[in-house]
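Residues per chain are reported as follows:
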Amino acid sequence: MNKVRSQESGVKKWMMGILVVLLLLTAYCLLPTVSHAADASGIMKKSQLAFLYPGKDMKIRVYMKLISQDGKERVREMTMLRKNYQEGGDQKYFIYFYQPADVRDMTFMVYKYAAKDDDRWIFMPALNMVRRIAANDKRSSFVGSDFTYEDVSGRDIEDDNHSIAKEEKVGERDAYVIKSAPKDEKGADFSYKLSWIDKGSFLPIKEEYYDKRGELYKTFTSDEIKDMQGFPVITKRTMKDAKTGHRTEVAYQKTEFNIGLTDDVFTERYLKKPLKKWIE
Amino acid sequence: MKRFSLTAFSVDHPWLVIAIVAVITLGFAIQFPKITIDTDPKNMLPATSDVRVYNDSVEKDFSLHKDTIVLGIVNKHGIFNQTTLEKIAKITDEILKLKGIVTRDVTSFTTVDDVMSTGDSITVKPLMSEIPKTQQEIDAFKKSIYENPLIVDRLISKDGTTTAIYIPLEPGANGKEIADRVKDIVAKEKGDEQYYVAGDPVARDTFGAEMFKQMGFFSPIAGMVMMIVLYILFGNFGLISSVMAVAMISVIWSMGLLIGLGYPVHIMSSMIPVFLMAIATDSIHIFNEFYFRFRETRDKKQAVLDTMKVVGQPVKYTALATAAGFGVLAIMHIIPVKVFGIFIAFGTIVIRLMSFSLIPAAMMLVSEKNILKAAGGEDEKENLAPECFYQGRAARPRFKHSGTSILKKLGAIGAHKSTTTVTVGIIVLIFAAIGISRINVNNNMVKWFKKGSDVRKSDRIINEKLGGTALGYIVAASEEDDFIKKPETMRYIESLQRDLEKLPNVGKTFSVVDYVKRINRVFNNNVPAFDRVPDTKEAIAQYLFMFSMSAKPSDLDNVVDYPFRKANIWIQLKTWDANAMQDVIDRVKAYTAQYPLSGAQFKPAGAAYFNLVWNNEVLYDMLKGFILALIIVFVILVFNFRSFKWALIAYMPLLFTIAVIYGAVGFMGKDFDMPISVLSCLSLGMAVDFAIHFISRFRRRIGEKSEVEKMRSLEDEEKILTSQPLNLSTSQLPNSELITDALLWTAARPGKGIIRNAILFATAFSAMIFAPLTPYVTVGLFIAGMMFLSALMSIIYLPALIVMFRRWLFIVDGKTSRCSLPIYGRPPEAD
C-alpha cells in the first residue's frame, strides 16, 4: 500500500514540477508581451512629442499641394503658428492663408484640448465674419487635403491599443513598427494602423492605415527629415489615398522654433487682423 | 457540280462523312472551356468610343463612380422614429464593411455631410451623427432635414416615409453580388420597414446572371420540345436526331469558333444558339420531300438524290438569305453586333453544309423499314384522296388527309379569291403602318424584368418616393480658372436647374450652387432669405473653402473640378428610358440658346447619357443593318428566281410579316429595344424562307406541268388560252387552271413542310413565354408569331398574288418566260 502511495505521491510531485515549469514558461512568454505593450505606448507617446510638440512654439510656412491621380493640382499656402501649453496636451494653432488667391487673408484658429473637442474659429474676409466651427469630427479633411485634423494635430494616445508588431530598417533608419487599433471601433476610420517610428528621432517615417475591411486606404510617408534648431523636423511629407490615388504633398519652407508667440495672437481680434511679423 | 458530288459522296460514304463531321465538331468543342463572359451592355460600345472616353474624363474630373446601388428603406408610418433611425445607422455600418464598395462615398443619413448652424457656431458633420432619441430631438432633426434642399428627395422623401442609402461600387465589382449582400444585411432586420435594392448595376448584373441561367434552361427545353414535335411529325428517331445534330453542330462550330478566337460571350452572342437552332429547322423541308419521294420510288438512294435535287435550290437560297441577313451586320460599327452577325452567318453556312452532307448521310443510314413505316403514314393518308386534280402523272400523290386538305383550302382562298385576299392584306398593312409609326426606339434594362419582379418593383418604388434611380450629368465647362465661382455663373446654373426640374422625369437636380446657398444661409443664422447665391466671387470662394476644410473631399470634388473651370450638375431621373435624358439635353440646348452664358458650354454625361448614346448607336446600328439586310435579301431573291418580278412577289410575305409584327409591337407600346432589334434580323432570314420554298417549288412544278401538258395536248392548251379574257399572242403562258392547280399542289406538299416548320418552331419557342425575363418572352412570342404569320402569308397570300399578277409574272417583254429553265438550267453553285 505504502509503496503504492509513495509511488502516487512521486507521480504527483513530478506532475507538479511539470506544471510549475509550464507556468513559468507561460509567464516568460507573456512577460515580454506585456512589457512590449507598455513599450509600444511609450514609443507612441515619445513619437507624438517629437512630432507635434517640439519647442515652446513654432512658426512655419507651409506649402501644400493636393494632387489628383491624373496629376491635377490645387495649392494651399499658409503660415502656421503653434504654441504648446502642456507637454503632450493643450495647444493653440493659428493659420493664415496666402493661397488660393481668393481666400487670401482667411484665418483659422484651433484650440486643441487633451481631453475634449477642439474649439475652432474661422475668419472670412469677404464677409468680414468670424464664425466658430463646431469640431466634433477630427476625421474630416484638413483644408481639403488627404490629411485629417487628427493627422495634423494628433490623436489621443489613450484612444488606441498599441503593440510592437516588429522592428525593421527603413532605408538607413532603424524603426519600431507599432500596430495601433482603436479601443472604440467607432472612434476611428481605421481598424488599425501601422507606424514605423524612427528609433533615433522618434519621428514617424511611415504610416499605413487599414479600413474596417482590412484594406489599406492611406499611407503617410516622411520624405525629408532635417534638423532645425536642434529639433528633427519632417520638412517634406506625403499622404496618399490608396483607393483614389489622390495625394497631398506638404513642404515646410521656413521653420522657426521658440519665437516667443504671445497669447494675444490666438484671439478673435488677431484672427481678423493678424500681425504681419507673425504671418510672414 | 460540286454540290452534287458532296451529296453523292455523303450518300456513298455516310459513315466517313459522319466521322469527319464528328472530328471537326470535337475540335470546336474543345474551345469551350476557354469561354469568357461579358454581360455588361456598356461594352457594346468600345472603350475608345467618344461617349465612353468623355464619360471617363468626366468621372475623373469629378471623382465620380460609374455604378451606384440604391437601397431604399420605407416605413409607411414614417421613418422619423428612434427604431427606424437606429436601423438606418446600423445598416449603413454593415454596408460600409462590404467589399467592392467605395466606403468613403457611401451616402446615408449617417455619412452625408451637412452644414448647419447650432447656436453661435457652424457645424459640418454627418447629417445624423447621433441618433435622436426624445420626441423633441426627433422633431428638431426632422425640421433640420426638411430645411436642407440637398437632402430632400435625395435622402428623404417628401412624405417622410422613405430614405435611401447610395452605395457606389468599385470598378469591376459585380452589382448583383453586392446587391445580394445588401439584401442579406437587411434580411436580418425585423419590423415595419421594407427594403428595396435598385440601380443600374443591379439590373445589369442580375440580368447577366439570369441570362445564362435561362439560356441554359430554356435552350434545352426548346430543343426537347422540338424533338418531340419532330417525332410526331416524322415518326423516325434517327432522322430527327440528325436535325437536332445539325442544330447542335452548328451551335458548337460557331460558338467554338467565337470562343476560340477569343471573343467574350455577350448578351447578344448568347442568343446565337437559340437562333441557330431556329435556323437549323429548315432541314425539315428536306425530310418532308424525302418522305414523299421515298414513298414514291422505294429506292432510298434515289429518293435522297432526287430530294436534294429538288429541295437543294430553295434550301441553298434560304440559307443564303439568312446568312446575308445576319452577315450584313458585319459591316456595322458596333463590335458585338458584328460578332453576332458574323457568327450566325457562319453557323447558317454550317447548317447548309450539313444539309448537303450529314443529312443525306443520315438518311442513308436509317433502315428503310423504319422510314417506310413513318413515310407510309403519309402515303396512306394521301392515297385516300378520291380526287385527282391533275391527271398528268398517275404516280403523283393525292392530297386528302386532314393537314394537306386544310392547306389546300388555305391555298385555295388565295387562289380563288385573290382580289379579296389582297384587299384584306392591304387593309392590314395600313393598320400595321400606323402601329409602326408608334414604335419607340428605346432600351430600358429595368423593363427587361417583369412587372412583379424585385428589380422592377424596387426601381418603381424608389422612383416614386425619391428623386430617381437613373443618374445623368450636365457639365458646365469653361476655359477660365475659377469661372464657376463667379456669382453670375452660379446664378445661371441655379436657374438652369430650376428649368430642368420642370421636366416630368427629372426628380432632382443638384450642384455646387446648392452647397453655396446652403452655407450662405447657415452662416447667416439660418435665415431663409439667405438661401441664395452671395454677391461676390470671394464670398463664394471662401464659403467653399470653409466647406472643404471640414467636409469629405468628394463632396466638392463631385460637383466642381480642380481649377473651378467646370461644374457638374447632377440630374436624377425617374426612368432609365433614353428619352428622359434626351429631353434633358433638348431642354439644356433650348435654355442655353435662349439665355446664352458666354464662356461656358453645357455638355451631357453620366450613365443616363451613356444609355441614350448606346441606344442611338447600337439600336440605330441594328436598324440600319436591318434595312440593309432587307435590300440584300431582295437582291438574293432576284438572283434565286433570275427574275425581278418573282423576287418582288416572294418579298411580299416577308414585308407583310415584318409589317404586322412591328405594327403589333407599336400598338402594344413595346419599345424597339435590344432583344427586338436582334430578332428583326432573324425575322428577315426566316420569314423569307417559306416564300422561297413556295415559289421555287411552284415554279418548278408549273414548269414540269407545262411541258407535260404541251406534249400531251397542245391544242387543249390553246383552247384554254384563247378562252382567257386577255388573249396573249404567245402559246406558252400557262393557263389559269394550271396555275391554280400548281398553287394548290404547292400549298399542300411543300406547304406541308412550311407548316411543319412553323409548328415546330412556334411550339419550341413558345416555352420561352414562361421565362421570367421579358426579352426571352419577347423572343418566344416573336418567333412563334413570325413563323405562323409568314407560313400563312406564303400559303394564302402568295397564291393570291400569283393569280392576280399571273400575266405580269409570266410575261417578259411580251413573251412568256419559261420559268423552269432559268432556275434549273444551271445547277446551284458549290457549297
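Residues numbered from 1 in each chain as written. Chains lettered and ligands numbered in written order. Predicted model: local features only at pLDDT ≥ 70, side-chain atom pairs only at ≥ 80, totals over all residues. Heavy atoms only, no water.

## Digging into the nonpolar core
We apply this condition: We define the nonpolar core as a collection of buried residues of types Ala, Val, Leu, Ile, Met, Phe, Trp, Tyr and Cys that are connected through side-chain atoms lying within 4.5 Å of one another. Only protein chains enter the calculation, and the probe is 1.4 Å; a residue is then buried if its accessible area is under 20% of its type maximum, exposed if over 50%, and partly exposed in between. A contact between two residues is defined here by any heavy atoms of the two lying within 4.5 Å.
Grouped together as the largest cluster of nonpolar side chains are 279 residues, with contacts concentrated most on Phe97(A), Phe142(A), Phe340(B), Val512(B) and Val584(B). If sequence neighbours within four positions are ignored, Val584(B) has contacts with Ile474(B), Leu500(B), Leu503(B), Val506(B), Ile571(B) and Leu573(B). Within the second largest apolar cluster, 46 residues are counted, among which are Phe109(B), Ile165(B), Ile178(B) and Ile461(B).

## Focus: the sheet that holds strand E1 (residues 68-74) of chain B
What links the strands of a sheet is backbone hydrogen bonding, and the strands pair in either a parallel or an antiparallel sense. Residues and elements named next belong to chain B. Rules: Here, strands pair whenever DSSP counts at least two bridges between them. What counts as a helix is a DSSP run of H or I of at least four residues, what counts as a strand is a run of E of at least two, and both are numbered from the N terminus. Think of each axis as a best-fit line through the C-alpha atoms, taken over the contacting stretch in the case of a helix, with angles from 0 to 180 degrees between the N-to-C directions.
Taken in spatial order, the three strands line up as E4-E1-E5 in an open sheet, and their pairing is antiparallel. Each edge of the sheet is formed by a strand with only one pairing partner; in this case those strands are strand E4 (162-168) and strand E5 (194-198). The average undirected angle you get between the axes of adjacent strands in this sheet is 20°. Relative to E5, E1 runs antiparallel, the two being bridged by five bridges. Its bridge partner lying in E5, Gly72 is registered against Tyr196. Strands E1, E4 and E5 of the sheet are contacted by helix H4 (residues 82-96), whose axis makes an angle of about 10° with E4. Sheet strands touched by helix H17 (residues 454-465): E1, E4 and E5. Its angle to E5, the strand with the most contacts, is close to 100°.

## Let's talk about helix H10 (residues 284-297) of chain B
All names here are of chain B. Rule in force here: Expected helix span is taken as 1.5 Å per residue step, with the number of steps being one fewer than the number of residues.
The first and last C-alpha atoms of H10 sit 20 Å apart over 14 residues, in line with the 20 Å expected at 1.5 Å per residue. The buried fraction of H10 amounts to 12 of the 14 residues, a majority that puts the element mostly inside the structure. Just downstream of H10, Arg298 is the residue with a positive phi angle, here 60°.

## Section: the side chain of Thr162(B)
Residue and element names in this part refer to chain B. Rule in force here: Contacts described as polar in this section are N or O atom pairs within 3.5 Å, which, within protein, must combine one atom able to donate a hydrogen with one able to accept it, while residues neighboring in sequence count only if both atoms come from side chains.
Mapped onto the elements, Thr162 comes out in strand E4. Thr162 gets classed as buried once you look at its relative accessible area, which sits at 1%. A distance of 3.1 Å separates a polar atom in the side chain of Thr162 from a polar atom in the side chain of Thr161. Setting aside residues up to four positions removed in sequence, Thr162 forms contacts with Ile73, Val74, Ile79, Leu155, Ile156, Ser157, Lys465 and Leu466.

## Description of a negative patch on the surface
Keep this limit in mind: Patches here are clusters of residues that have more than 30% relative accessible area and form no salt bridge, with a 9 Å joining cutoff for like charges and a 5 Å cutoff for nonpolar side chains (Val, Leu, Ile, Met, Phe, Trp, Tyr). Accessible surface is estimated by sampling points in the Shrake-Rupley manner with a 1.4 Å probe; for residues, cover comes only from the protein chains shown. Between Lys or Arg on one side and Asp or Glu on the other, a salt bridge is scored when a side-chain nitrogen of the former is within 4 Å of a carboxyl oxygen of the latter. Positive charges come from Lys and Arg, negative ones from Asp and Glu, while His and the chain ends are left out of the count. By convention, charge coordinates are those of NZ in Lys, CZ in Arg, CG in Asp, or CD in Glu.
Taken together, Asp156(A), Asp159(A), Asp184(A) and Glu185(A) make up a surface patch of like negative charges. As for its placement among the helices and strands, Asp184(A) is situated in the loop between strand E8 (173-182) and strand E9 (192-198).

## Overview of unusual backbone geometry
For the peptide bond that leads from Gln99(A) to Pro100(A), omega is 0°, which places it in the cis range. Relative to the helices and strands, Pro100(A) is located in the loop between strand E3 (91-99) and strand E4 (107-112). Despite not being glycine, Asp482(B) shows a phi value in the positive range, around 60°.

## A word on the pairing of E9(A)
Residues and elements named next belong to chain A. The element E9 is extensively covered by neighbouring structure, given that six of its seven residues are classed as buried. Summarising the sheet, E8 and E9 pair through six bridges and their orientation is antiparallel. Considered in E9, the bridge of Ile178 is made with Ser195. Pairing geometry for E9 and strand E10 (residues 204-210), over six bridges, is antiparallel. Looking across to E10, one finds that Lys193 is bridged to Tyr209. Taking the residues that link successive antiparallel strands as the turn, the E9-E10 hairpin has five residues, and the phi of Phe202 there is positive, at about 65°.

## Some points on the packing of aromatic side chains
Short version of the rule: Side-chain rings of Phe, Tyr and Trp, where Trp is taken by its six-membered ring, are said to pair if the distance between their centres is within 6.5 Å; with planes under 30 degrees apart they count as stacked, over 60 as edge-to-face, and otherwise as tilted.
Taken as a whole and judged by the stated rule, the model has 35 aromatic pairs over all chains. Between Phe147(A) and Phe220(A), the aromatic rings sit 6.4 Å apart at their centres with planes inclined by 80°, giving edge-to-face as the arrangement. Here Phe147(A), found in the loop between strand E6 (129-134) and helix H2 (149-153), pairs with Phe220(A), found in strand E11 (residues 216-228); they are 73 residues apart in sequence, far enough to count as distant. Judged on exposure class, the residue Phe147(A) and its partner Phe220(A) are both buried. Ring pairs connect the aromatic residues Tyr473(B), Phe510(B), Tyr515(B), Phe547(B) and Trp570(B), which therefore count as one cluster.

## A word on the confidence of the model for chain A
Interpretation of the predicted coordinates at a detailed level should be avoided for regions scoring low in pLDDT. Residue and element names in this part refer to chain A. For the record, the criterion: Per residue, pLDDT measures the predictor's confidence, with a range of 0 to 100.
Averaged over all residues, the pLDDT of chain A is 81; the fraction at 70 or higher stands at 89%. Of all the helices and strands in chain A, helix H1 (residues 2-52) carries the lowest mean pLDDT, 66, while E10 carries the highest, 91. Segment residues 31-35 is flagged for pLDDT under 50; beyond a separation of four residues in sequence, or across chains, it makes zero contacts in the model.

## Describing the interface of chain A and chain B
Rules: Reported buried area values correspond to the accessible surface (1.4 Å probe) lost by two parts on association, with both partners' losses combined.
Contact with chain A, which involves 43 residues of that partner, is made by 41 residues of chain B. Between chain A and chain B lies a buried interface of about 3,400 Å² when both sides are counted; carbon and sulfur atoms form 54% of it. For chain A, the biggest contributors to the area lost against chain B are Arg74(A), Asp102(A) and Arg213(A); these three give 23% of the whole. A salt bridge links Asp61(B) to Lys72(A); the nearest nitrogen and oxygen atoms lie 2.4 Å apart. The interface formed by chain A and chain B includes 12 residue pairs in polar contact (both at pLDDT 80 or more).

## Concerning the sheet that holds strand E8 (residues 506-510) of chain B
Residues and elements named next belong to chain B. Reading across from one edge, E8-E9-E7-E10 is the order of the four strands in this open sheet, with antiparallel pairing throughout. The sheet terminates laterally at E8 and strand E10 (600-605), the two strands that pair on one side only. With direction set aside, neighbouring strand axes in the sheet form an average angle of 20°.

## Here's the deal with the pattern of salt bridges
The final tally for this structure, using the stated rule, is 55 salt bridges over all chains. Taking the shortest distance from any N to any O, the salt bridge between Glu73(A) and Lys65(A) comes out at 3.9 Å. Judged by its relative accessible area of 43%, Glu73(A) falls in the partly exposed class. With relative accessibility at 24%, the residue Lys65(A) sits in the partly exposed group. Salt bridges sharing partners connect three or more residues here, namely Asp211(A), Arg213(A), Glu215(A), Lys243(A), Lys99(B) and Glu170(B).

## Side note on the environment of Glu177(B)
Looking at the element boundaries, Glu177(B) is found in helix H6 (residues 175-187). Put simply, Glu177(B) and Thr206(B) are 29 residues apart on the chain and 8.5 Å apart in space, counted from C-alpha to C-alpha.

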